[in-house]
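# Observations on the model geometry
One letter stands for each residue in the lines below.
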Amino acid sequence: MTARVGLVVVSHSDMLANGVAELATQMAPDTTVIPVGGTEEGGLGTDYNAVVEALTDADAGAGVVVLYDLGSAKMTAEMAVESADDPTRYAVVDAPLVEGAVAAAVAAQGGATLADVATTAEGASGETPAPTPQRPALHLVPDATTAEVLLTNEVGLHARPAALLARTVAELDADVTIRYGTEEANAASVLALMGLSAPGGKSITVVATGKDAAEAVRRIEELAERGFDD
Amino acid sequence: MIQDHRDELVRLDQAIGDADHGENMKRGFTAVVARLDAEPPDTPGKVLKLVATTLISTVGGAAGPLYGTAFLRAASAVGDASELDCDTVARALQAALDGVIARGKAAVGDKTMVDALTPAVAAASCAEGTVAAALAAAADAAAEGANSTVPMVARKGRASYLGERSAGHMDPGSRSTALLLRSFADTAAKS
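What you see is a predicted model; the values in this text were computed from it and never measured.

The next point concerns the overall build of chain B. Counting its secondary structure elements, chain B contains 8 helices and 0 strands. Seen in sequence order, chain B has helices and strands lined up from the N terminus as α-α-α-α-α-α-α-α. Against the compact-globule benchmark of 16 Å for 191 residues, chain B has a radius of gyration of 16 Å, which places it among compact chains. Oriented by its inertia axes, the alpha-carbon framework of chain B measures out at about 45 × 35 × 30 Å. Scored against the burial criterion, the 191 residues of chain B give a buried share of 49%. Within chain B, contacts between residues at least 6 apart in sequence are counted, and of these 63% link residues at least 24 apart. Taken as a whole, chain B presents about 8500 Å² of accessible surface, with 54% of it coming from carbon and sulfur.

With that settled, consider helix 6 (residues 114-123) of chain B. Structurally, the α-helix is built with 3.6 residues per turn, so residues lying three or four positions apart point the same way. For helix 6 of chain B, the set of buried residues is V114, D115, A116, L117, A120 and V121 of chain B. Turning to helix 6 of chain B, the residues buried within the fold contact helix 5 (86-104), helix 7 (131-148) and helix 8 (172-190) of chain B.

Our focus in this paragraph is the pattern of salt bridges. Should the charged atoms of two oppositely charged side chains come close, the side chains can pair. All names here are of chain A. For the structure shown, the criterion picks out 14 salt bridges over all chains. As a salt-bridge pair, R219 and E215 come within 2.7 Å of each other at their nearest N and O atoms. With a gap of 4 residues between them, R219 and E215 both fall in helix 8 (residues 213-225), about one helical turn apart. It is possible to trace a salt-bridge network through shared partners that takes in E171, E215, R218, R219, E222, R226 and D229.

Let's shift gears to the layout of surface pockets. In this structure, the largest pocket encloses a volume near 1200 Å³. Lining the largest pocket are 37 residues, with L48, F71, L180, F184 and T187 of chain B sitting closest to its centre. Looking at the lining of the largest pocket, the elements that each hand over two or more residues are helix 2 (21-38), helix 3 (44-58), helix 4 (63-78), helix 5, helix 7 and helix 8 of chain B. Per-class residue counts for the lining of the largest pocket are 30 nonpolar, 6 polar and 1 charged. When its volume is computed, the second largest pocket comes out at roughly 820 Å³. Around the second largest pocket, the lining is made up of 37 residues, and of these M75 of chain A together with A62, K156, G157 and R158 of chain B lie nearest the centre. Among the secondary structure elements, those contributing two or more residues to the lining of the second largest pocket are helix 3 (71-82) of chain A together with helix 1 (6-16), helix 2, helix 4, helix 5 and helix 8 of chain B. The dominant element in the lining of the second largest pocket, judged by the number of residues it contributes, is helix 3 of chain A, at 5 residues.

Once that is clear, we can look at the pairing of strand 6 (residues 175-180) of chain A. Residue and element names in this part refer to chain A. Relative to strand 8 (residues 203-209), strand 6 runs antiparallel, the two sharing 5 bridges. Within strand 8, the residue paired with V176 across the bridge is A208. Across 4 bridges, strand 6 lies against strand 7 (residues 183-186) in antiparallel orientation. When the bridges of strand 7 are listed, Y180 appears paired with E183. Counting the residues between successive antiparallel strands, the hairpin from strand 6 to strand 7 contains 2 residues, one of them, G181, with a positive phi of roughly 60°.

Tracing the backbone shows A188 of chain A in the loop between strand 7 and helix 7 (190-195). Linking A188 of chain A and A166 of chain A, residues 22 residues apart in sequence, is a C-alpha distance of 4.8 Å.

The subject of this paragraph is the interface of chain A and chain B. Each side of the interface is counted separately: chain A has 14 residues, and chain B has 15 residues. With both chains or domains summed, chain A and chain B bury close to 1200 Å², and 56% of this area falls on carbon and sulfur atoms. On the chain A side of the interface with chain B, the three residues burying the most area are L70, M75 and M79 of chain A, jointly 43% of the side's total. Our count for the contact surface shared by chain A and chain B stands at 2 salt bridges. Where E82 of chain A meets R103 of chain B, a salt bridge forms, and the shortest distance between an N and an O atom there is 2.8 Å. Connecting chain A to chain B are 3 residue pairs in polar contact (both at pLDDT 80 or more). Elements with a contribution of two residues or more to the side of chain A that touches chain B: helix 2 (48-58) and helix 3 of chain A.

All names here are of chain A. Read across the sheet, 4 strands follow the order 2-1-3-4 without closing on themselves; strand pairing throughout is parallel. Because the sheet does not close on itself, it has two edges, and the strands there are strand 2 (33-37) and strand 4 (90-92). Looking at each pair of strands side by side, their axes are set apart by 20° on average, direction ignored. Pairing of strand 1 (residues 6-11) with strand 2, which is carried by 5 bridges, proceeds in the parallel orientation. By the bridge assignment for strand 2, V8 is matched with I34. Across the sheet, helix 3 is in contact with strand 1, strand 3 (64-68) and strand 4; its angle to strand 4 comes to roughly 160°. On the sheet, helix 5 (residues 114-123) packs against strand 1, strand 3 and strand 4 and is oriented at approximately 20° with respect to strand 3.

Residue and element names in this part refer to chain B. Inspection of the entire model under this criterion finds 1 disulfide over all chains. Paired through a disulfide, C86 and C126 show a sulfur-sulfur distance of 2.2 Å. Its S-S torsion of approximately -90° makes the covalent link between C86 and C126 left-handed. Residue C86 is located in helix 5, and its partner C126 is located in the loop between helix 6 and helix 7; the two are separated by 40 residues in the primary sequence. Its relative accessible area of 6% is what places C86 among the buried residues.

Rules behind the numbers
Residues numbered from 1 in each chain as written. Chains lettered and ligands numbered in written order. Predicted model: local features only at pLDDT ≥ 70, side-chain atom pairs only at ≥ 80, totals over all residues. Heavy atoms only, no water. Helix = DSSP H or I, 4+ residues; strand = E, 2+ residues; numbered from the N terminus. Rg over C-alpha atoms; globule rule 2.2 N^0.38 Å. Buried < 20%, exposed > 50% of the residue type's maximum accessible area, 1.4 Å probe, protein only. Contact = heavy atoms within 4.5 Å. Areas by Shrake-Rupley, 256 points an atom, 1.4 Å probe, with all protein chains shown as cover. Salt bridge = Lys/Arg side-chain N within 4 Å of Asp/Glu carboxyl O. 1 Å grid on protein atoms, 1.4 Å probe; cavity = no way out; pocket = protein on both sides within 12 Å on 5 of 7 lines; lining within 4 Å. Points joined across faces, edges and corners; volume = space filled by probe spheres on them. Nonpolar A, V, L, I, M, F, W, Y, C, P; charged D, E, K, R; others polar. Pairing = 2+ DSSP bridges. Buried area = accessible area lost by both parts, 1.4 Å probe. Polar contact = N/O pair within 3.5 Å; in protein donor to acceptor, adjacent residues only side chain to side chain. Axes fitted to C-alpha atoms, helices over the stretch in contact; angles between N-to-C directions. Disulfide = S-S within 2.5 Å.

Right, dumping it as structure tokens:
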């Protein structure tokens with residue numbers, strides 16, 4: 001098993017850093033997310049030494065993406081990265097803290113590279129789903145495996161089910177698109193999936209290409225049948 | 001100096017920021033003084049470096065990385081010179097300003113410490129040849145620069161969230177920069 005990219009969440013507030021880490025690891029339980037919040041004395045602020053330590057602790061060999069809350073946390077994070085033996089192992093990303101952390105954690109869970117996890121975080125936004133990579137319209141995709149899948153759980157493709165689906169797909173060699181109504185989402189992006197707002201009781205269309213396309217569809221069907229373990 | 005002005009910096013920061021600048025600076029420089037007393041470094045460059053690393057690890061707010069970078073760059077500019085002549089001091093001030101700009105990405109007019117440090121660097125003339133004269137001129141210019149931030153609308157830092165409401169208050173970072181330069185000038189005048 002190759003190492004996953006780790007995350008460090010730098011915040012002025014200990015509670016905020018821990019809350020973000022809690023949320024991110026709920027969606028991506030195997031990703032290392034280290035919260036660093038507040039000053040050494042427990043006040044509001046950033047603790048340079050603690051950030052330096054967290055960078056090392058979060059690095060399992062694949063590098064670390066660093067998220068921050070406000071300007072001075074960014075400066076502290078950048079200084080810590082610059083002081084590292086190999087600054088290229090760390091990426092300080094300009095991303096919305098919560099959405100960015102969740103998106104990055106899920107991408108890291110799926111084995112994405114440092115650059116890809118960083119890009120995913122930066123593309124995350126609460127308003128619009130992460131952009132789906134340019135791809136041909138669904139009906140033009142040749143040799144795609146498609147299936148209608150009924151969402152049997154109550155909440156539908158909400159946060160945890162979306163993360164579960166994204167993780168399932170990430171393990172396979174397949175490009176998977178989920179369609180609900182007129183909207184499409186890249187199944188690798190948990191935020192894009194959530195952006196579909198597909199409720200329980202409705203059906204989604206799964207379109208998969210690539211070597212493991214059939215397996216991807218099978219696993220998603222299985223997940224839905226189990227009600228996403230809700 | 002910072003100790004004496006802690007409350008003033010807190011008040012300035014309360015108006016447009018998060019009210020921690022005075023306390024942060026006091027904590028940082030109290031630690032600096034303690035470390036300098038405990039193990040006095042033997043060159044000016046090492047003193048600057050100790051100040052930098054102490055501020056970075058103890059301040060806890062934006063002033064930590066900003067002043068930390070400033071003192072680090074100044075330390076590099078000074079090198080291992082055993083005494084500081086005027087040209088070296090002027091070079092160190094310029095390096096400090098470059099460091100602050102690189103770290104904080106602020107420009108003149110953004111209502112930050114750059115508004116105090118930029119005119120200070122420009123005024124630190126070595127025409128008279130003495131360090132004390134150059135630093136006195138720099139301190140005067142920094143104080144004026146800090147005053148110039150009063151009507152400005154902040155474009156960087158926490159105060160920028162206030163938009164137009166940040167006008168009418170002096171930027172706390174520019175004030176602490178002016179205080180530090182005054183303190184350097186006073187020390188140079190005594191030595």
